[in-house]
Amino acid sequence: MGGMEPGITPRRVGAMSEPTNAFEVVALALCPQRDLVRFCDHYLRQGARRVQVFYDAVPDFALSDPRVQLVACDPTFWRGLGLLRPPSVEGRQRAVYRHAYVQCETEWLLVVDVDEFVFGPQPLDALLAGIGPGPDCVRFTSAEAVFAPIDNIEDEFSASAFRLPTTRLASPLLARLLYGAHSGLYVRGLLGHARGKQAVRSGLADVQIDIHDATVPGRDLDRLDATVAHGFMLAHYDAINFARWSEKCADRLRRGDAREMGRKRERQLALYAACTSKADQVRLFRRLYALDRWQMRVLALAGLLHEPQEGLFGPSADPAVADPMVQVRTRCA
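Residues numbered from 1 in each chain as written. Predicted model: local features only at pLDDT ≥ 70, side-chain atom pairs only at ≥ 80, totals over all residues. Heavy atoms only, no water.

## Focus: the overall build of the protein
Here's step 1: Of the regular secondary structure elements, the protein holds 10 helices and 15 strands.
Here's step 2: The proportion of buried residues among the 333 residues of the protein is 53%.
Here's step 3: Counting only contacts in the protein whose residues sit at least 6 apart along the sequence, the fraction spanning at least 24 positions is 73%.
Here's step 4: By element, 52% of the accessible surface of the protein is carried by carbon and sulfur atoms, the whole surface being about 15200 Å². (Helix = DSSP H or I, 4+ residues; strand = E, 2+ residues; numbered from the N terminus. Buried < 20%, exposed > 50% of the residue type's maximum accessible area, 1.4 Å probe, protein only. Contact = heavy atoms within 4.5 Å. Areas by Shrake-Rupley, 256 points an atom, 1.4 Å probe, with all protein chains shown as cover.)

So, in structure tokens, the structure goes:
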């Protein structure tokens, strides 16, 4: 498969007319079309030259914008890569990421999930325009979306605050203070991943693209921390709203193909499975993803709370008011 085998050389940008700050985005997805509208719209507004979405099924909709490629990961797709469909979602992610890297036609490939949105004080393409030839990767620290007291847990993507990861040493004590009996579910203060995501410079020989990192045998990659250096973050909507979180938990329990979640995530799923009513599920959700004013004050004092003055998404993020950049049409319409 392209990108999987050592010695395969990705496309070089030098032969193209694209400016060196241009970037592409790749994600593996299995989600409603409205999520893809939001995702693609965000990154096109950030200056992406192409957004590749590998759909982990056969979608019943299409994305019409020529800068967006929606690829059905059907048996024909996997045969084209010379693979059987990997049994785990993580294996499928690695396969499509490495395939997209080999096909990358710009200077950078940003590897993210469809619930992750890089944001900062300027558009992402402007940040990349100022990066010299040195760094191989540009990293973005996780900022986990949480519901403030004013937020409605039923509204999708309405969480207005973001908690930031803390140090490994401080994490157990702070989690115990803030989350009590559920503190054991947190990794560096977050329920999702605390490792962030990255943009990888194209054309690196023998590079292996993983979910959170990239490696090259025999040498260390030069990584630029865009959070520390430039104030960029990775907004991670680990819980889009209560209903979507509940659906995701039930789906993971049913499918069993997320093999690398880790013990703490498995314990979270076990708590969800133990709920005997929707009211129990709501209480669990609020304890995990909704903050009271005292919790927010503690996180703010510790420098671990980010509250953007403006929302991350433009008006076209609402599929009912779709921007012409990303039009979604249902095939059966």
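Having seen the structure, we can now continue with the description.
## With respect to the pairing of strand β13 (residues 233–236)
Here's step 1: Burial along β13 is two-sided: M233 and A235 facing one way and L234 and H236 facing the other are all buried.
Here's step 2: Bridge count for strand β7 (residues 137–146) against β13 is four bridges, and the pairing is parallel. Opposite A143, over in β13, you have A235 as the bridge partner. (Pairing = 2+ DSSP bridges.)

## Topic: helix α10 (residues 293–301)
Here's step 1: Along α10, the positions that sit buried rather than exposed are Q295, M296, V298 and L299. What you see down the axis of α10 is that its buried residues fit within an arc of 160°, all on one side. Residues of α10 that are exposed and angled more than 90 degrees away from the buried face: R293, R297 and L301.
Here's step 2: Along its buried surface, α10 packs onto β8 (161–163), α5 (171–179) and β14 (305–306).
Here's step 3: With a side-chain oxygen positioned 3.1 Å from the backbone nitrogen of W294, the residue opening α10 is D292.
Here's step 4: Positioned one or two residues after α10, G303 has a phi angle of 75°, which is positive. (Arc of directions from axis to C-beta. Polar contact = N/O pair within 3.5 Å; in protein donor to acceptor, adjacent residues only side chain to side chain.)

## So, the packing of helix α7 (residues 242–255) against helix α9 (residues 278–289)
Here's step 1: Close contact between α7 and α9 brings their axes to 11 Å; oriented N to C, the two are set at 105°. Overall, the two elements α7 and α9 adopt an arrangement that is roughly perpendicular. Residues F242, W245 and S246 of α7 touch α9, and the partners they reach there are K278, Q281, V282, L284, F285, L288 and Y289.
Here's step 2: Tallied by class, the residues present in the contact of α7 with α9 amount to seven nonpolar, two polar and one charged. (Axes fitted to C-alpha atoms, helices over the stretch in contact; angles between N-to-C directions. Parallel < 35°, antiparallel > 145°, perpendicular 65-115°, else oblique. Nonpolar A, V, L, I, M, F, W, Y, C, P; charged D, E, K, R; others polar.)

## Considering the pattern of salt bridges
Here's step 1: Here the structure, examined in full by the defined rule, presents 20 salt bridges.
Here's step 2: Here E144 ties to R163 by a salt bridge, and the two come within 2.8 Å at their closest N and O atoms. Separated by 19 residues along the polypeptide, E144 in strand β7 and R163 in strand β8 bring together distant segments of the chain.
Here's step 3: In this structure E144 comes out as buried when scored by relative accessible area, which is 1%.
Here's step 4: The network of salt bridges with shared partners includes R34, D35, E156 and R244. (Salt bridge = Lys/Arg side-chain N within 4 Å of Asp/Glu carboxyl O.)

## Some words on the pairing of strand β6 (residues 116–119)
Here's step 1: Because side chains alternate across β6, one face comprises the buried residues E116 and V118, and the other comprises F117 and F119, equally buried.
Here's step 2: In this structure, β6 lies alongside β13, joined through four bridges in antiparallel fashion. Bridge pairing links E116 to H236 in β13.

## Focus: the packing of aromatic side chains
Here's step 1: Counting across every chain of the model gives 20 aromatic pairs.
Here's step 2: Where F242 meets W245, the ring centres are 6.2 Å apart and the plane angle is 40°; that geometry is what we call tilted. In this pair, F242 and W245 are both assigned in helix α7, three residues apart and thus about one turn of the helix distant.
Here's step 3: Residue class for W245 comes out buried when judged on its relative accessible area of 1%.
Here's step 4: Members of the aromatic cluster, each reached through a chain of ring pairs, are F39, Y43, F117, F119, F157, F162 and Y237. (Phe/Tyr/Trp six-rings, centres within 6.5 Å; stacked < 30°, edge-to-face > 60°.)

## A short note on helix α8 (residues 263–274)
Here's step 1: Relative to the 16 Å expected for 12 residues at 1.5 Å per residue, α8 spans 16 Å between its end C-alpha atoms, a close match to the ideal helical length.
Here's step 2: Turning to α8, its buried residues number three or more, namely R265, Q268, L269 and Y272. Seen along its axis, α8 keeps its buried residues to an arc of 95°; they face one direction. Opposite the packed face of α8, turned more than 90 degrees from it, sit the exposed residues R263, A273 and A274. (Expected span 1.5 Å × (residues − 1).)

## Examining the nonpolar core
Here's step 1: Ranked by internal contacts, the top residues of the largest apolar core, which has 75 residues, are F39, Y43, V51, L110, F140 and W245.
Here's step 2: Excluding its chain neighbours within four sequence positions, the residues that come into contact with F39 are V25, A27, V51, V53, V112, D113, V114, E116 and F117.
Here's step 3: Among the nonpolar cores identified, the runner-up in size contains 24 residues, and Y97, A100, C137 and V207 belong to it. (Core = buried A, V, L, I, M, F, W, Y, C linked by side-chain atoms within 4.5 Å.)

## Observations regarding the packing of α7 against α8
To characterise two packed helices, one gives the angle between the axes of the helices and the distance between these axes.
Here's step 1: Here α7 crosses α8 at 105°, and the two axes come no closer than 10 Å. Comparing their axes, α8 and α7 come out roughly perpendicular. Along its contact with α7, which presents W245, S246, C249, A250, R252 and L253, the element α8 presents R265, Q268, L269, Y272 and A273.
Here's step 2: Here the residues of the contact of α7 with α8 are counted per class, giving seven nonpolar, two polar and two charged.

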